[in-house]
Amino acid sequence: MDYPFGEPPESGGVVEIAPDIIWTRMPLPFSLKHINLYMLRDGEGWAVLDTGLSTSMVRDIWTEFRANGLSGLPITKIIVTHYHPDHFGLAGWLHQDTGAPLYMSHGEYFAGRMLSLGAQKDVPETVLSFYRAAGFPDIAIEAMKEHGYANFSKVVSPVPESFHRLREGDSLAVGARHWQIVMGNGHSPEHACLYDAEAKILISGDQLLPRITSNISVYPTEPEANPLQDWLDSLAKLMTLPEDCLVLPAHNEPFYGLRQRADQIARGHLRSLQRLSSSCEEPKSAVESFPFLFKRKLEGFDFILAAGEALAHHHFLVNVGVAERTTSGGVNRFRTIAPFDPATVWPTSDDGNKR
Ligand SMILES: [Zn+2]
């Protein structure tokens, strides 16, 4: 894969992708460290693509960036790929300050708005029993109770009360460009990517990242979900775009190698599925399958993400008829009941390079 833009910008700095596209970054207090934001020239001002987490530090960087990076020009649109706080966090704050309209998919807007309104201190019992069913030990459940539940609105500014809807296949005019909306699923409910077919540029959000993989998780809100199937379908869809397309991702650096990377990510999941199916001769819970899926030591929030991710892989195997779920003592376990052939779910999984 090729990274044509060299060193990334500092937080609030500017790298010009094209005369009408600016790449900047905002800091994140996670292992991820940064999110990429893209500014799209829109007439006399700039449209903002993703916004950063709502913390006083990021707000300060934004204020500086608007004055210098954007030369004080107005913000015309706030476009958000999906509702996760690093992308959506400052949409409300920017909207409040500039009056610029918010553009999001229906699924993402309502997921974000619901979470921002649903703040409550105590973790609901359905959430605790979901993680008990995933095999969480009592100590992890206690830690979860301690951590509380009202955390979304701590890092997301109040959500605008109306939005402009982005739909699959829509064309969104920003300045001289026409961006086609390409929806993806699996990482979040209805993730919008923006594709300029004429210039062959894809703003991929979290749907395609060059150096890390997006979290694909089952959550307590939809305990029977099969997000990995959605994710693989979305990767296959992205692979219909041209290979010489410039990809502007939300994390890491802009790159060339769209199909190569989508295929690599899919095959990584296929390998996890293979390891899981061969390790589940004896039934295993989500937590009991961690050693077959993750090399790193899992603590705190990573433990929760890992459980969601393990369940996503188990549910996929159940849905293709390779595994079955059994429940005893409130814990769900998964057992392999048929051989798993990756080639039936992903065309290049055989020799790595068939396509
Ligand atoms: Zn995300």
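Higher on the page you've got the structure.
Residues numbered from 1 in each chain as written. Predicted model: local features only at pLDDT ≥ 70, side-chain atom pairs only at ≥ 80, totals over all residues. Heavy atoms only, no water.

I'd like a description of the sheet that holds strand β12 (residues 246-249), backed by residues and values.
Strand order across the open sheet formed by six strands is β8-β9-β10-β11-β12-β13, with mixed pairing between neighbours. Looking along the sheet, the strands with just one partner apiece sit at the ends: β8 (171-174) and β13 (255-256). Sheet topology places strand β9 (residues 177-184) next to strand β10 (residues 191-196); five bridges connect them, and they run antiparallel. Across the sheet, the residue bridging to Ile-181 is Leu-194, located in β10. (Pairing = 2+ DSSP bridges. Helix = DSSP H or I, 4+ residues; strand = E, 2+ residues; numbered from the N terminus.)

Residues and numbers for the packing of aromatic side chains, please.
Aromatic rings in a pair are described by how distant their centres are and how their planes are angled relative to each other. Per the stated rule, a full pass over the model turns up eleven aromatic pairs. Here Tyr-3 and Phe-255 contribute two aromatic rings whose centre-to-centre distance is 6.5 Å and whose plane-to-plane angle is 45°, an arrangement assigned as tilted. Here Tyr-3 is found in the segment before β1 (15-18), whereas its partner Phe-255 is found in strand β13, with 252 residues between them in sequence. Judged by its relative accessible area of 24%, Tyr-3 is partly exposed. For Phe-255, a relative accessible area of 0% translates into the label buried. Arranged with centres 5.0 Å apart and planes meeting at 85°, the rings of Tyr-109 and Phe-110 form a pair that is edge-to-face. Using a relative accessible area of 1% as the deciding quantity, one classes Tyr-109 as buried. One aromatic cluster in this structure is built from Phe-130, Tyr-131, Phe-136, Phe-290, Phe-294 and Phe-303. Between the NZ or CZ atom of Arg-211 and the centre of the ring of Tyr-3, over which it lies, the distance is 4.0 Å. (Phe/Tyr/Trp six-rings, centres within 6.5 Å; stacked < 30°, edge-to-face > 60°. Buried < 20%, exposed > 50% of the residue type's maximum accessible area, 1.4 Å probe, protein only. Lys NZ or Arg CZ within 6 Å of the ring centre and 35° of its normal.)

How would you summarise the packing of helix α8 (residues 227-238) against helix α11 (residues 300-319) if you had to cite specific residues and measurements?
At a minimum axis distance of 7 Å, the contact between α8 and α11 shows a crossing angle of 85°. If you check the angle between α8 and α11, you find them roughly perpendicular. Between α8 and α11, the residues in contact are Pro-227, Leu-228, Gln-229 and Leu-232 and Ala-312, His-313 and Phe-316, respectively. When its residues are assigned to classes, the contact of α8 with α11 shows five nonpolar, two polar and no charged. (Axes fitted to C-alpha atoms, helices over the stretch in contact; angles between N-to-C directions. Parallel < 35°, antiparallel > 145°, perpendicular 65-115°, else oblique. Contact = heavy atoms within 4.5 Å. Nonpolar A, V, L, I, M, F, W, Y, C, P; charged D, E, K, R; others polar.)

Now, about the side chain of Ser-188: what can you tell me, with residues and values included?
Residue position: Ser-188 is located in the loop between β9 and β10. Reaching out from Ser-188, the side chain makes a polar contact with the side chain of Glu-108 at a distance of 2.8 Å. Dropping the residues within four chain positions of it, Ser-188 is found in contact with His-82, Tyr-83, His-84 and Glu-108. (Polar contact = N/O pair within 3.5 Å; in protein donor to acceptor, adjacent residues only side chain to side chain.)

Quick one: what's the story with the pairing of strand β15 (residues 331-336), residue by residue and with numbers?
Pairing analysis gives six bridges linking strand β14 (residues 323-328) to β15, with the strands arranged antiparallel. Counted as the bridge partner of Ala-323 is Thr-336 from β15. Taken together, β14 and the strand that follows it, β15, pair antiparallel across an intervening segment of two residues, in which Gly-329 is found at a positive phi of about 60°.

Explain unusual backbone geometry residue by residue, including any values.
The phi dihedral of Lys-200 falls on the positive side, at around 55°, and the residue is not glycine. Relative to the elements of secondary structure, Lys-200 occurs in the loop between β10 and β11 (201-205). If you check the backbone angles, Asn-252 has positive phi at about 65° while not being a glycine. With respect to the helices and strands, the residue Asn-252 is situated in the loop between β12 and β13.

An account of the environment of His-314 is requested, with residue identities and associated values reported.
Tracing the sequence through the fold places His-314 in helix α11. With a relative accessible area of 1%, His-314 lands in the buried category. Residues His-314 and Pro-223, spaced 91 residues apart in sequence, show a C-alpha to C-alpha distance of 12 Å. With sequence-adjacent residues up to four places away left out, His-314 is seen in contact with Leu-276, Cys-280, Lys-284, Ser-285, Ala-286, Ser-289 and Phe-334. For His-314, the side chain forms a polar contact with the side chain of Ser-289, separated by 2.7 Å.

Tell me about the coordination of the zinc ion, residues and numbers included.
His-82 (NE2), His-84 (ND1), His-187 (NE2) and Asp-206 (OD) make up the full set of protein donors to the zinc ion, lying at 2.1 to 2.3 Å. Considering all four donor atoms around the zinc ion, the spread of angles at the metal, 88 to 177°, places the coordination shape in the irregular class. All donors to the zinc ion come from one chain, and their sequence spacing reads H-x1-H-x102-H-x18-D. Linking His-84 in the loop between β5 (75-79) and α2 (85-88) with Asp-206 in the loop between β11 and α8, this pair joins segments that are 122 residues apart in sequence. The pair formed by His-84 and Asp-206 is uniform in burial state, with each residue classed as buried. (Donors = N, O, S within 2.8 Å, 3.2 Å for Na, K, Ca; no water. Tetrahedral: all angles 85-135°; square planar, octahedral: opposite > 155°, others 65-115°.)

Could you give an account of α8, with specific residues and numbers?
For α8, which comprises twelve residues, the first-to-last C-alpha distance of 16 Å matches the rise-based estimate of 16 Å (1.5 Å per residue) to within 8%. Pro-227, Leu-228, Trp-231, Leu-232, Ser-234, Leu-235 and Leu-238 are the residues of α8 that are buried. For α8, the angular spread of the buried residues around the axis is 160°, confining them to a single face. (Expected span 1.5 Å × (residues − 1). Arc of directions from axis to C-beta.)

Any chance you could break down the sheet that holds strand β4 (residues 45-49) for me, citing the residues and the numbers?
Across the sheet, which stays open at both edges, the seven strands sit in the order β1-β2-β3-β4-β5-β6-β7 with mixed pairing between neighbours. Looking along the sheet, the strands with just one partner apiece sit at the ends: β1 and β7 (164-166). Each strand of the sheet is rotated relative to its neighbour by a mean of 30°, with strand direction disregarded. When β4 meets β5, the two strands line up parallel, connected through four bridges. Along β5, the bridge assignment pairs Val-48 with Ile-78. Across the sheet, helix α1 (residues 56-67) touches β2 (21-27), β3 (34-42), β4 and β5, and the angle it forms with β2 is around 155°. Taken strand by strand, helix α3 (residues 91-98) contacts β4, β5 and β6 (102-105), and its axis lies near 160° from that of β5.

The quantities given are spatial measurements derived from coordinates; they are silent on function.
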